Amino acid sequence: MRQKLIGMLPVLAVVILAWFASRAPQLARVGFSMLTLAILIGMLVSNTLYPRLSAHCHEGVVFSKGQLLRLGIILYGFRLTLAQVAAVGVNSILADALMLSSTFLLTCWIGIRWLKIERHTAWLMGAGSGICGAAAIIATAPVVRAESPNVIVAVATVVIFGTVGIFLYPYMHAAQWWPVSDAAFGVYIGSSVHEVAQVVAAGNAINDSVADIAVTTKMIRVMMLAPFLIVLSWWMSRFAHHDSATRRIVIPWFALGFIAVMVFNSLVTLPPALLDAINTLDNWLLAMAMAALGMTTHHSTLRQAGIKPLILGAIILVWLVVAGGLLQRFLAG
């Protein structure tokens, strides 16, 4: 245990740096959250200091990207209530479900069949683009038994193309690319932009009304992470493995914990100060997982992945923008 605690100190140091950096107005405006910065700084450390520190902090780094990640996903449930789901209406839920499923399936089909990308990377890119960015990627990784290089490549595409979305969606709103109401445009952003932080940035760049609806729609999309992981685990047990010894459903217990916490949060009203404290703790736990992930990734990982994941990320961004906009036009009647 002492070795784990010592090993977690460099991870914590990376997260503290990420926290300070995330408070810079220039980075906040473009949606660079503490989680995103934690993995970027972690990668910088990985390619400079970590090789000399790894013997002393390996256990803590592995613990951070494993157990702390799962605890962070469970606590994420405190951000949602069933009342929020009911408040945004059927259109938001329908848009989220359609965009999630179509984006995941399209990413896997194009990535694996046409671009010949390693399947674990394609699965993670589909989860990250379809649900909630880096948090979905690192939650999906243990279910599909992905390795750190797969995770890093998938996160990189979410950061790059989600950042493009921060600037693109306000421009589309101003240019009236999709002539829909502010409420519909909020659903559009929430159901098609990658990361929660990127949704906040894009919505706030338009107006408060759009931002509120966009964030609520996005959080419902986040809520779909748990059933997605359970369905994905079932699918892998039936179709993804040919070895009879592996043909079993591996229930991601942290996904069930996420659902349980969300239900608890819906039934029990916690003091706002306590909820804020829990959500702050959760941000730090997830940031530590991201930092640890970055600290175990060498620059050769991205180089070996090549340009194909970037091509896939660009295709999926076009899909999210076009399909999401057409869906809102259809729902608006």
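What you see is a predicted model, and the numbers here were worked out from it, not measured in a lab. Residue positions are counted from 1 within each chain, in the order its sequence is given. Totals for whole chains, interfaces and linings use every residue, but because this is a predicted model, local features are given only for residues with pLDDT of at least 70 and side-chain atom pairs only at 80 or more, for both listing and counting. Just so you know, side-chain values use all the structure's heavy atoms and leave hydrogens and water out.

**Q** So what exactly am I meant to see when it comes to the confidence of the model for the protein here?
**A** Interpreting fine coordinate detail is not advised for predicted regions of low pLDDT. Confidence along the protein averages 85 in pLDDT terms, with 93% of residues attaining 70 or more. Values of pLDDT, which run from 0 to 100, indicate the predictor's confidence residue by residue. Strands are runs of DSSP state E lasting at least two residues, helices are runs of H or I lasting at least four, and both sets are numbered from the N terminus onward. Here helix H15 (residues 300-305) stands out as the element of the protein with the lowest mean pLDDT, 70, in contrast to helix H6 (residues 119-132), whose mean of 95 is the highest. Note on contacts: a residue pair qualifies if any of its non-hydrogen atoms lie within 4.5 Å across the two residues. Considering only residues more than four positions removed or in separate chains, one finds that residues 242-247, a stretch of pLDDT under 50, has 4 contacts.

**Q** How do you make sense of the pattern of salt bridges when you look at a structure like this?
**A** Pairing is possible between side chains of opposite charge, provided their charged atoms come close. Salt bridge, as used here: a side-chain nitrogen of Lys or Arg that lies within 4 Å of a carboxyl oxygen of Asp or Glu. The full count for this structure, using the stated rule, is 1 salt bridge. Across the pair Asp282 and Arg79 runs a salt bridge, and its minimum N-O distance is 3.0 Å. Pair noted here: Asp282 is in helix H14 (residues 272-295) and Arg79 is in the loop between helix H4 (50-75) and helix H5 (82-114), with a separation of 203 residues, a long-range link. For each residue, the accessible area found with a 1.4 Å probe, counting protein chains only, is set against the maximum for its type, and the residue is called buried under 20%, exposed over 50%, and partly exposed in between. Note on Asp282: relative accessible area 0%, which makes it buried.

**Q** Just checking my understanding: could you explain the nonpolar core for this structure?
**A** Generally speaking, nonpolar side chains in soluble globular proteins are found buried as a group. If you look at the biggest cluster of nonpolar residues, it comprises 108 residues, and the most contacted ones within it are Tyr169, Ile189 and Phe228. If we skip the residues at most four places from it in the chain, Phe228 touches Leu100, Phe104, Ala127, Ile131 and Thr140. Buried residues of nine kinds, namely Ala, Val, Leu, Ile, Met, Phe, Trp, Tyr and Cys, make up a nonpolar core once their side-chain atoms join them within 4.5 Å.

**Q** What should I look at first to understand the packing of aromatic side chains in this one?
**A** Centre distance and the angle of the planes are the two values used to describe a pair of aromatic rings. Between 30 and 60 degrees the pair is tilted, below 30 it is stacked and above 60 it is edge-to-face, where a pair is any two Phe, Tyr or Trp rings, Trp via its six-membered ring, whose centres lie within 6.5 Å. Here the structure, examined in full by the defined rule, presents 10 aromatic pairs. Geometrically, the ring pair formed by Trp109 and Trp114 is edge-to-face, given 5.9 Å between the ring centres and 85° between the ring planes. We classify Trp109 as partly exposed; its relative accessible area is 43%. Overall, the relative accessible area of 56% leaves Trp114 in the exposed class. One Lys or Arg, Arg79, reaches over the ring of Tyr76 and ends 4.3 Å from the middle of that ring. Here, over-ring charges are defined by two tests on the NZ atom of lysine or the CZ atom of arginine: distance to the ring centre within 6 Å, and angle to the ring normal within 35 degrees.

**Q** So what exactly am I meant to see when it comes to a nonpolar patch on the surface here?
**A** A contiguous nonpolar surface patch, about 430 Å² in accessible area, is contributed by Leu82, Val263, Phe264, Leu267 and Val268. At 3 residues, helix H13 (residues 253-267) tops the list of elements feeding residues into the nonpolar patch. Locating Phe264 in the fold gives a position in helix H13. For patches, a residue must show more than 30% relative accessible area and have no salt bridge; joins then use 9 Å for like charges and 5 Å for nonpolar side chains, namely Val, Leu, Ile, Met, Phe, Trp and Tyr. We get accessible surface area from the Shrake-Rupley algorithm with a probe of 1.4 Å; when it comes to residues, only the shown protein chains can shield them.

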